[in-house]
Structures are given as C-alpha cells and as structure tokens.
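# Examination of the molecular architecture
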Amino acid sequence: MRKIILLSVLICGIVIPTFANNNPNIIPTPNSIVKGEGVFVIDNDLTIVSDNVKDFSAKYLQEKLETVFDFPVNINTSKKSEKYIIFTNDKSIKEEGYKLAIEPNKIVISSSDNSGKYYAVQTLLQLFPPQIYSGAKLRIKEYPVDVMVIEDAPRFSYRGFMLDVSRTFFDLDYLRSYIDWMSNHKLNRLHLHLTDDNGWRIEIKKYPDLTNKGAWRGKDELIPPTYLSGSKRYGGYYTQKEMKELIAYAQDRNVMIIPEFDLPGHCLSSTAVFGDVTCGTSTDRPSACGEFDNVWCVGKESNYKILENIIKELADIFPSPYLNIGGDEVIFDYWAQCPECQALMKKEGYEKVEELHGHFVRRMEDIITKHGKVMMGWDDIQDFGGLRPTSTVVAWRGQAKGLESVKKGQPTVMQAAQYLYVDMQYTPAERGHSWAAIIPLDRIYNYEPLQDMDLTPEEEKLIIGVQAGLWTELMQFPPRFSEYQVFPRLCAL
Ligand code: ACM
Ligand code: ZN
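Note that the coordinates shown come from a computational prediction; the quantities given were computed from them, not determined experimentally.

To continue, consider the packing of helix 8 (residues 301-317) against helix 11 (residues 355-370). Where helix 8 contacts helix 11, the two axes come as close as 10 Å, and the packing angle between them is 40 degrees. Put simply, helix 8 runs oblique to helix 11. Taken as a pair, helix 8 and helix 11 cross one another with a handedness that is right-handed. Contacts from Glu301, Tyr304, Leu307, Glu308 and Ile311 in helix 8 reach His359, Phe360, Arg363, Met364, Ile367, Ile368 and Lys370 in helix 11. Of the residues in the contact of helix 8 with helix 11, the class split is seven nonpolar, one polar and four charged.

In structure tokens:
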C-alpha cells in the first residue's frame, strides 16, 4: 500500500500529510503539475547521470539523497543502471525554468541553465521526507515517488530577501543558512544592508578604521551601545576574503549578493570614523532611528574621493551588477546650516535644501557607473528625479512609491513595508514593530506586487521583482528570534 508521504513546509517544521492522489506541497507552487499513473520506486539501483560528474546540482542532489537513503548514489556521465535521474539541456526552457519528468524508471530534469537545474533539484527534494534538509540519517531502503511532470519558471527575475547585518551582526555560518533557506524556496537575491549607524560590516582595505572602530559598539567604543547591545564590545565584520567565499557559496545556489552602503544618512558608523565628513553643524531633530551627526556633507568635494575609494573596493568585491547606496531618511537640517552645502546650492541654482539630496544621488550614480555597476537605492533616490534609466529603485514606502518609480521609468523592486517588512509583528500579541502594519502569514502570502498600480503592460515590465526585508533591532534576543520573524513569512513570499 502506498505510504503517506510527509512533506513539511520546510524549515518551519509544520508537517502537512499529503496522499498519493493529491498534488504534492511544493513551495513555491510550480506553474504546472500533471500527474501520471504509478510510482518511481527509488532503491539502491539508483544513479545520477550528468555530462559533468562535478556539476554542482548533481553533487548537491547526490549529497542530499545519500543523507536519507541507506545506499550510495553514484554520478556517471552515461547510464550505468536501469534506474536513474538524468540532467539534460533544453534550450527551449526559459531562464531559471525547468521540467521535472518523473517516469516509472527514470527522472528527467531538463533546463537551459544552471539555475533551472538547481531549482528542479529543489523541487525534487520537496517530494522526499523533510529530513532531507536537516541532514538526519533515515537509512531509507526504498521510496516511492509519484509519476508526474512538473514545469516551472519564475514570474519575476528578482526574488529577494534583505537582511540588516548592521544592527545585529550575523556570522558567516548564519548567512550561509539564509542562503540555503532562500534557495530552497527559489529566491535569488540577497540584499545585505552592510552599513548603518550601529555598525560597519565590510572590510575596506584603504580605510581599516571603518571596521577596526566602526564595526564595534560598546561603552568604550566610538559607536555607543544600542538596541541593548550592552556595555561590552558588540559587533563584527566580514573580511573581503570571507565575503568572496560567501559570494561563491551563494552563486552555486543561484543567489546574487547585493551590497548596500547606506548614504548619505544612516551613517554614524562611517561619520564617527572619519570625523570631518559631516557638515559640522547641528540640529535638535534626531534621525528616524534617533541618531545625530550621521549625515555626510554634500558640499565637501573631498568627501566624493573617499566615497569613490570605498565604492571602488565594493565594486571589486561584489560581482553583482548592482551596488545599492540606500539614500533613505536623511535629515537635511545639517546641510541647511553648512557654508559648503549652501555654496553648492548657490552654484547649482537649487532653491530647496532637499535638492542637494538629488545632487548627491546623481553624483553617486556617476561614481557607481564609472566602476561598472548599476545604482540601486531606496525609493528616496527618485524623489528629485534625473536618474539614469537603469538605476533601480527599491520601493519601501508602499505601493504608491513603486508606482511613482515606474512612472519615472525606473526598474523597480517592491519591498512595501506594509506587506514585506518581516520585522513587523505577526499579531498584536507578539513581539515586533507595527508602524507599517501587522503582517500575519496570509498578508504576505496574498500580496500581489502590482496591486493598486493599474500599469500598462510596458510599465509592468519595470517591476522586476519583489523582496522581503528584516531590520534587526533587538533581533539577538532571544537567540534565533530573527528566524522566527523571517519564517514562514519568507516561504510565503
Ligand atoms: C527604510 O526602511 N528606511 C528603507
Ligand atoms: Zn555640508
């Protein structure tokens, strides 16, 4: 008799039984599942057939199968047994798409690129017991998989997750776990918020104090304790070598890491290190996160040389075509009082101090373009217009900001806080923020990136994708609270 297959909603540990005649629970739901007759019984005759025995997806599949099965699964370049899983190339299949055909004696995985191949493997793994992810040794001798054909390809090319590693520092093992969890669910962009007031997290060789001093907060540190980090030294950073290793790990799993250097506000971890890059003026208005003196001066020409030196190193570390310069939530008061900023306004004929923000963003765009990258930033970067048509906006202040960005012709990623900020509470009874919304699981599951926009088909193409984001105030208490906030909401995305 056919056994009940237990499939889980992956990491979150909710176990949902599915029966042979129902469609399997695959997350995200594939475009098409066509069930056939019978089962493919996996046993110790199974081999994997791949042109390249060192292919990442083939080896990944082998490793996962060998975890739960009681026998070795060899990879060969030709068919050496009656039962096999074979990888084939099919140029007609869309980018990142695949066809997974489970037949009575073989499984045929067709794709036109490595991403599709990897995603077919992820789908296949979801047909096995969930221990295939935990690494538990089940020693299964035989396992039936229903005959069916699954076809899938993504609607959006950009499917992401943003993680704030500044307010809470996450070590490399933890980031690797996030990359695994994301790629298990076919998410392909990890946006790392590497700098903010509370910590600078990436080694810059020309300016070692950014990490020697800017990566740490505490009683005797340059950056004061925040978010209950306590009087002890708290922080950490990634060396360039470590980041390059992480990037390679992510690339194998079809995840692109996009760096964010948040400018010109949210910058205490760099302004405190350099000292003289601010205007030197003051205000009694704190930043959105309660900080002061955290804004770079726009009028000091010497600042652009420092910023270019940092951007040049970031461009060398990260192969991502994008470099994100943040641009959000700047307090303009400092610029209003500053002789150099005022002189710049006069020279450029700006009437409002806010126009200096547009000026700064366009200068950064020039520098980023010069170093071969496309500028990305929060929707604040489009407030003053004049961006290159490639510059890509992450809309966080709701659907209206996404609409505005599209109407201005910018490629746009939707990260509307009201749906996609997973630092928000699940329910009013739980921990978390609520300023954007209460975000239970169904709110994110039912989110439609194009909702409330009424775009033409041409305009729709400018919405390149969607990402959830985790801001990390107080995320280290209790340990792994970040995972509670992220999952299963990221699966729902
Ligand atoms: C943001 O939440 N300030 C992008
Ligand atoms: Zn200034």
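A separate point is helix 1 (residues 56-68). For helix 1, with 13 residues, the first-to-last C-alpha span of 19 Å sits near the 18 Å given by 1.5 Å per residue. Looking at the buried side of helix 1, the elements it contacts are strand 4 (47-49), strand 5 (74-76), strand 6 (84-89), helix 2 (114-125), helix 3 (131-134) and helix 4 (172-184). At the N-terminal end of helix 1, a side-chain oxygen is found 3.2 Å from the backbone nitrogen of serine 57, two or three residues along, and the residue is aspartate 55.

Right, let's talk about the sheet that holds strand 9 (residues 143-152) for a bit. Spatial ordering of the open sheet is given by 3-9-7-8-6-4-5, a layout of seven strands whose pairing is mixed. Strand pairing shows two members of the sheet lacking a second neighbour, strand 3 (32-42) and strand 5, which therefore form its edges. With direction set aside, neighbouring strand axes in the sheet form an average angle of 20 degrees. Where strand 7 (residues 98-102) and strand 9 come together, five bridges link them in antiparallel fashion. Directly across from lysine 99, in strand 9, lies its bridge partner glutamate 151. Relative to strand 6, helix 1 is tilted by about 160 degrees, and along the sheet it contacts strand 4, strand 5 and strand 6. Where helix 2 meets the sheet, its contacts fall on strand 6, strand 7, strand 8 (106-111) and strand 9, and the angle it forms with strand 7 comes to roughly 40 degrees.

This paragraph deals with the coordination of the zinc ion (ligand 2). Within the protein, the zinc ion (ligand 2) binds to Cys279 (SG), Cys297 (SG), Cys338 (SG) and Cys341 (SG); these donor distances fall in the range 2.2 to 2.3 Å. Around the zinc ion (ligand 2) sit four donor atoms, and with donor-metal-donor angles ranging over 104 to 116 degrees the site reads as tetrahedral. Every donor residue of the zinc ion (ligand 2) comes from the same chain, spaced as C-x17-C-x40-C-x2-C. By relative accessible area, which is 0% here, cysteine 338 ends up buried.

Turning to the pattern of salt bridges, a few remarks are in order. When their charged atoms lie close together, side chains carrying opposite charge are able to pair. With the rule as written, the count across this model stands at 34 salt bridges. Where aspartate 383 meets arginine 397, a salt bridge forms, and the shortest distance between an N and an O atom there is 3.2 Å. Of the two residues, aspartate 383 sits in the loop between strand 18 (374-378) and strand 19 (392-395) while arginine 397 sits in the loop between strand 19 and helix 12 (399-407), which places them 14 residues apart along the sequence. With relative accessibility at 29%, the residue aspartate 383 sits in the partly exposed group. Judged by relative accessible area, which is 31%, arginine 397 ranks as partly exposed. The partner of lysine 401 in a salt bridge is aspartate 383, with the nearest N and O atoms 3.2 Å apart. In this pair, lysine 401 is assigned in helix 12 and aspartate 383 in the loop between strand 18 and strand 19, connecting sequence segments 18 residues apart. Judged by its relative accessible area of 16%, lysine 401 falls in the buried class. What you see here is one network of salt bridges that share partners, running through Asp379, Asp380, Asp383, Arg397, Lys401, Glu404 and Lys408.

Calculation notes
Sequence order as written defines residue numbering, which begins from 1 separately in each chain. Chain A is the first chain written and ligand 1 is the first ligand written, with later ones labelled in order. pLDDT decides what is reported in this predicted model: residues at 70 or higher carry local features, side-chain atom pairs at 80 or more are listed and counted, and totals for whole chains, interfaces and linings draw on all residues regardless. Heavy atoms throughout the structure, all of them, feed into the side-chain values; hydrogens and water do not. Note on method: axes are straight lines fitted to C-alpha atoms, helices fitted across the in-contact stretch only, with angles between N-to-C directions ranging 0 to 180 degrees. Helix and strand assignments come from DSSP, with helices taken as H or I runs of at least 4 residues and strands as E runs of at least 2, each series counted from the N terminus. Angles below 35 degrees are treated as roughly parallel, those above 145 as roughly antiparallel, those between 65 and 115 as roughly perpendicular, and all remaining angles as oblique. By the definition used in this description, the sense in which the near helix is turned from the far one sets the handedness, with an anticlockwise turn below a right angle giving left-handed and a clockwise turn giving right-handed. In what follows, a contact means two residues having at least one pair of non-hydrogen atoms within 4.5 Å. Put simply, Ala, Val, Leu, Ile, Met, Phe, Trp, Tyr, Cys and Pro go in the nonpolar bin, Asp, Glu, Lys and Arg in the charged bin, and everything else, Gly too, in the polar bin. Helix span is expected to be 1.5 Å times the residue number reduced by one. Definition of a polar contact: a pair of N or O atoms within 3.5 Å, with one able to donate and the other able to accept a hydrogen when the atoms are protein atoms, and with sequence-neighbouring residues admitted only if both atoms are side-chain atoms. In this description, strands pair whenever DSSP reports at least two bridges between them. Distances up to 2.8 Å from the metal define which N, O and S atoms are donors, and 3.2 Å serves for Na, K and Ca; water is absent from the atom set, so sites may look incomplete. Site shape is set this way: if four donors have all angles between 85 and 135 degrees, tetrahedral; if opposite donors are over 155 degrees apart and all others between 65 and 115, square planar for four donors and octahedral for six; otherwise irregular. Buried residues are those whose accessible area, probed at 1.4 Å on protein chains only, stays under 20% of the maximum for their type, while exposed residues exceed 50% and partly exposed ones sit between those limits. Just to be clear on terms, a salt bridge is a Lys or Arg side-chain nitrogen sitting within 4 Å of an Asp or Glu carboxyl oxygen.

Take it as geometry only, folks, not as evidence of what the structure does.
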